[in-house]
Amino acid sequence: MSTYNFFEQVNKNFDKAAKYTRFDKGVLNQIKKCNTVYHVSFPLRRDDGSVEVIEGWRVEHSHHKMPTKGGIRYSHKVDEDETMALAALMSYKCAIVDVPFGGAKGGVKISTRSYSVSELERITRRYTFELVKKGFIGPGVDVPAPDYGTGAREMGWILDTYRQMKDDLNAEACVTGKPIQQGGIRGRTEATGRGVYFGIREACSVKKDMDALGLSTGVEGKTFVVQGLGNVGYHASKYMTEAGAKMVGVSELEGAIYDPNGMDLQALMDYRKETGSIIGFGNSKELPSNKDIFTQECDIIIPAALESQITGDNANGVKAKIIAEAANGPTTADAHEMLKDRGALIIPDSYLNAGGVVVSYFEWLKDIQHVRYGRMNKRFDEESLMRIVKELESINGKSYSEETLKKLTHGAEEADLVDSGLEETMITAYQQITEIRSEHKLDDLRTAAFINAINKIGTMYEQMGIFP
Ligand code: NAD
């Protein structure tokens, strides 16, 4: 079992990659440090009238680009170390996918199941109040987003609280992952899972890597298991199964199930909604514990719950050839080495789950521009395309059907542009990482991804003249 805490794990990966960069120790230390750490405690009046003290954090890891950006996590496991680690990962993640933000993360130490909706609203609003008071939120300062235990509802409360306290024309850009009506963007909810799918698809398209693993190229026909059927796990599984992959195992809080013949995701979601559990679904068998999901027969493991799930204790039992890190930090440093020694391909979190921040960036841009994507050009593009098609029809002397005409002249809407931008970003970032892996003759993508991030952030610091 690893003796490192989460932030040390992240730094260990950083140090491994730093050896391949040209920066001196001072620059590297500056990149690694968390620039600001804010710890707050505040009272909550519970529905029964009693008072409880709530603890929260906001960590801004790197100010090399502003604003800083990172989700807010609600979990009873939240602490300062975890928030620092996740903030650092955000800096590297943003650099890897060329999103012009520094990294940040927030956390509130609560188990959401223990509070009513109105208590959660009071906690969220008070936490936001504390962030505003200390200058830890704002469109050009620090922009939160959803993470484990939070979603669009909480982001909407955050915006409303910020707006009540600040007379800011760009208020809607103070937080992303909001409901559409409050300046959110189409495609944000599914963005992280969608990005996970694009990343796995890219990895599976590299013939040399698949040959080395003894697998065919492509997602179609591959089997996978997923840990966590929340936002990221559900959407990643949805796009994987739509692309022809077979979901053979699922792990959730109540336990884990496995069926080598595959399971229907939507039917499983409905079953869980109805019964409150995944156990007993279809022809699946129940596994002894929810962590046993990682040692089942399959091609791909998608951990999509929390950090430190694949550890020195269970890594040796992993049979899958591909570990797709949808969650942040699911594989400990020692487990990473064990998996790598066995020839597995680990698609690192810092790249793979970046889809959320990529689309958050698009949402932030939309909010500071105060205009929906596609609004200015959709109709114009459609009319131009129609003129071209009509010209072609008259040249060729044939008419297209209504359906074909519709397809040929479709002007891009917000959802189309977001999806296309996300796909482009995930493909380009994967190519950059694999090029660095070849250049340095590395055998792992995590180190290559970190080198990419360090090079970009280090160059920024140099250009800013902080280290003359
Ligand atoms: P979520 O709260 O929507 O879902 C997490 C799911 O995991 C829940 O269904 C929960 O019941 C389940 N779970 C918790 N502990 C488990 C365990 N021990 N075994 C099995 N299942 C367990 O959270 P999310 O937003 O999907 O985030 C999941 C991970 O993805 C986190 O590591 C988060 O930091 C990361 N991530 C999320 C986003 C995003 O946009 N939401 C972006 C990047 C990274």
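Placed above this text is the structure.
Note that this is a predicted model, so its numbers are computed, not measured.

So, how was this worked out
Residues numbered from 1 in each chain as written. Predicted model: local features only at pLDDT ≥ 70, side-chain atom pairs only at ≥ 80, totals over all residues. Heavy atoms only, no water. Helix = DSSP H or I, 4+ residues; strand = E, 2+ residues; numbered from the N terminus. Buried < 20%, exposed > 50% of the residue type's maximum accessible area, 1.4 Å probe, protein only. Pairing = 2+ DSSP bridges. Contact = heavy atoms within 4.5 Å. Axes fitted to C-alpha atoms, helices over the stretch in contact; angles between N-to-C directions. Parallel < 35°, antiparallel > 145°, perpendicular 65-115°, else oblique. Salt bridge = Lys/Arg side-chain N within 4 Å of Asp/Glu carboxyl O.

**Q** Help me understand unusual backbone geometry in this model?
**A** For residues that are not glycine, phi is negative in most cases, and the peptide bond is trans in most cases. Residue Pro 67 is reached from Met 66 by a cis peptide bond, and omega for that bond is 0°. Note that Pro 67 resides in the loop between strand S2 (51–60) and strand S3 (68–74). In this structure, Asp 98 is a non-glycine residue whose phi angle is positive, near 55°. By secondary structure assignment, the location of Asp 98 is in the loop between helix H3 (80–96) and strand S4 (102–108). Judged by its relative accessible area of 48%, Asp 98 falls in the partly exposed class. Its identity as a non-glycine residue notwithstanding, Ser 308 has a phi of 50°, on the positive side. Tracing the sequence through the fold places Ser 308 in the loop between strand S10 (300–303) and strand S11 (322–324).

**Q** Help me understand the sheet that holds strand S7 (residues 246–252), please; the structure alone is not making it clear to me.
**A** By definition, the strands of a sheet pair up through backbone hydrogen bonds, in either a parallel or an antiparallel sense. Pairing is mixed across the open sheet formed by 7 strands, whose spatial order is S9-S8-S7-S6-S10-S11-S12. With partners counted over all chains shown, the strands left at the sheet margins are strand S9 (285–286) and strand S12 (345–347), one partner each. As paired strands, S10 and S11 are joined by 2 bridges and run parallel to one another. Bridged to Ile 300 within S11 is Ile 322. Each of strand S6 (223–227), S7 and S10 is contacted by helix H8 (residues 231–242), which is oriented at about 170° to S6, the strand it contacts most.

**Q** Please explain the packing of helix H1 (residues 6–18) against H3 as it appears in this structure.
**A** A pair of packed helices is captured by two measures, namely the crossing angle of their axes and the spacing between those axes. Two numbers describe how H1 lies on H3: the axes approach to 7 Å, and their chain directions differ by 30°. By the angle between their directions, the pair H1 and H3 is classed as roughly parallel. Contacts between H1 and H3 involve Phe 6, Phe 7, Val 10 and Phe 14 on the former and, on the latter, Asp 81, Glu 82, Met 84, Ala 85, Leu 86, Ala 88, Leu 89 and Tyr 92.

**Q** Please clarify how the pattern of salt bridges should be interpreted in this entry.
**A** Pairing is possible between side chains of opposite charge, provided their charged atoms come close. Using the criterion set out here, one finds 37 salt bridges in the structure. Ionic pairing is found between Arg 22 and Glu 462, a salt bridge with its closest N-O pair at 3.0 Å. Residue Arg 22 is found in the loop between H1 and helix H2 (25–32), and its partner Glu 462 is found in helix H16 (residues 445–463); the two are separated by 440 residues along the sequence. Of the residues examined, Glu 462 reaches a relative accessible area of 36% and is grouped as partly exposed. Between Glu 130 and Arg 126 there is a salt bridge, with the nearest N and O atoms lying 2.8 Å from each other. With Glu 130 and Arg 126 both in helix H4 (residues 117–133) and 4 residues apart, the pair spans about one turn of that helix. The buried category is assigned to Glu 130, whose relative accessible area is 5%.

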